Amino acid sequence: DVGGHSLHFRIDEPPNGSPDIPTIVLEAGGGNDSRFWSELQPQLAKQLQARVISYDRSGLGDSDLARRPYDIGAEADDLRTGLTQLGVTRNILLVGHSYGGMIAQVFTARWQEAVVGIVFLDPNTVSSYQDTFYRGLLEMELPAPVTKADSARVAVSRAIAETMMIVYREAPVPRDLPVVVISADSSPFSGQPIEESNIWIRSHQLLASSSDEGEWLLAEGASHSILPTHSDLVIASIRKLLRRP
């Protein structure tokens, strides 16, 4: 219970894991739940001997739909509340896919002392906000929600402008925070001009350069999901941040 609604968490904890190894927290993209990580999560726990946590955001998977207007800050606060109840209050490494990257930024801005690094997987970014994908999203007529997951997804879409402003104003990546940004070389904007793909890639490079310890990587041949085709690259990137002093 994170305050009026419940969130469902999945935890993989290796039997011989060290408490000194950061906890890896996986944040799925918009509309996805913890099942997005179903193949990667046990691999991370086994190969890195780390506790790995994923969860279903409000309205998705096995989590309740919160009875409140959508707010990305509230989503980040939900995660913090849930992790605190699980005893995870420090030494957190975040992995955010797509929209989940922005939630990772807001979470870090509000709880910076607990976060040791972020791995972004083909993330949404503020600097890509002006491309035609987001303009189209603001103008499109959204379907009437049928399921709780539909309601959650529509709420995220309707609040995208406010979300971008919150991330821009409140959640820049800290200069001293180690980050890795992995881009797919196949644009998520299907059928759109090549310049839109270029904007997407450049926004990732800018996100990586916003940290003094930032690195940008291209996942050649990857689609927007990055997984499962480039799991090895993702694991290697997480391993690199875990080994930082």
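Further up the page is the structure itself.
Residues numbered from 1 in each chain as written. Predicted model: local features only at pLDDT ≥ 70, side-chain atom pairs only at ≥ 80, totals over all residues. Heavy atoms only, no water.

So, the overall build of the protein
Secondary structure summary: the protein contains eight helices and seven strands in total. Burial status across the protein gives 52% buried among its 245 residues. Surface accessibility of the protein: about 11,300 Å² in total, with carbon and sulfur atoms responsible for 50%. (Helix = DSSP H or I, 4+ residues; strand = E, 2+ residues; numbered from the N terminus. Buried < 20%, exposed > 50% of the residue type's maximum accessible area, 1.4 Å probe, protein only. Areas by Shrake-Rupley, 256 points an atom, 1.4 Å probe, with all protein chains shown as cover.)

Considerations on the side chain of Ser203
Mapping Ser203 onto the fold places it in helix α7 (residues 194-209). Among the polar contacts made by the side chain of Ser203, one reaches the main-chain carbonyl oxygen of Trp200 at a distance of 2.6 Å. For Ser203, the residues in contact, after removing those within four places along its chain, are Thr125, Ser127 and Ser128. (Polar contact = N/O pair within 3.5 Å; in protein donor to acceptor, adjacent residues only side chain to side chain. Contact = heavy atoms within 4.5 Å.)

A word on the pairing of strand β6 (residues 179-184)
With six of its six residues buried, β6 lies for the most part within the structure. Because side chains alternate across β6, one face comprises the buried residues Val179, Val181 and Ser183, and the other comprises Val180, Ile182 and Ala184, equally buried. Across four bridges, strand β5 (residues 115-121) lies against β6 in parallel orientation. Paired with Val119 across the strands is Val180, a residue of β6. (Pairing = 2+ DSSP bridges.)

Concerning the environment of Val106
Mapped onto the elements of the fold, Val106 is located in helix α3 (residues 99-110). Using a relative accessible area of 2% as the deciding quantity, one classes Val106 as buried. Separated by 57 residues in the primary sequence, Val106 and Thr163 have C-alpha atoms spaced 10.0 Å apart. In contact with Val106, other than residues within four places in its own chain, are Ile72, Gly73, Ala76, Ile166, Val167 and Ala171.

A closer look at the pattern of salt bridges
Considering all chains together, one arrives at eleven salt bridges under this definition. Across the salt bridge formed by Glu27 and Arg57, the nearest N and O atoms sit 2.6 Å from each other. Separated by 30 residues along the polypeptide, Glu27 in strand β2 (residues 23-27) and Arg57 in the loop between β3 (52-56) and α2 (72-85) bring together distant segments of the chain. Residue Glu27 shares its accessibility class with Arg57, and that shared class is buried. A salt bridge links Arg68 to Glu75; the nearest nitrogen and oxygen atoms lie 3.9 Å apart. The exposure class of Glu75 is buried, given its relative accessible area of 6%. Beyond isolated ion pairs, a larger network of salt bridges with shared partners links Glu27, Arg57, Arg68, Glu75 and Asp78. (Salt bridge = Lys/Arg side-chain N within 4 Å of Asp/Glu carboxyl O.)

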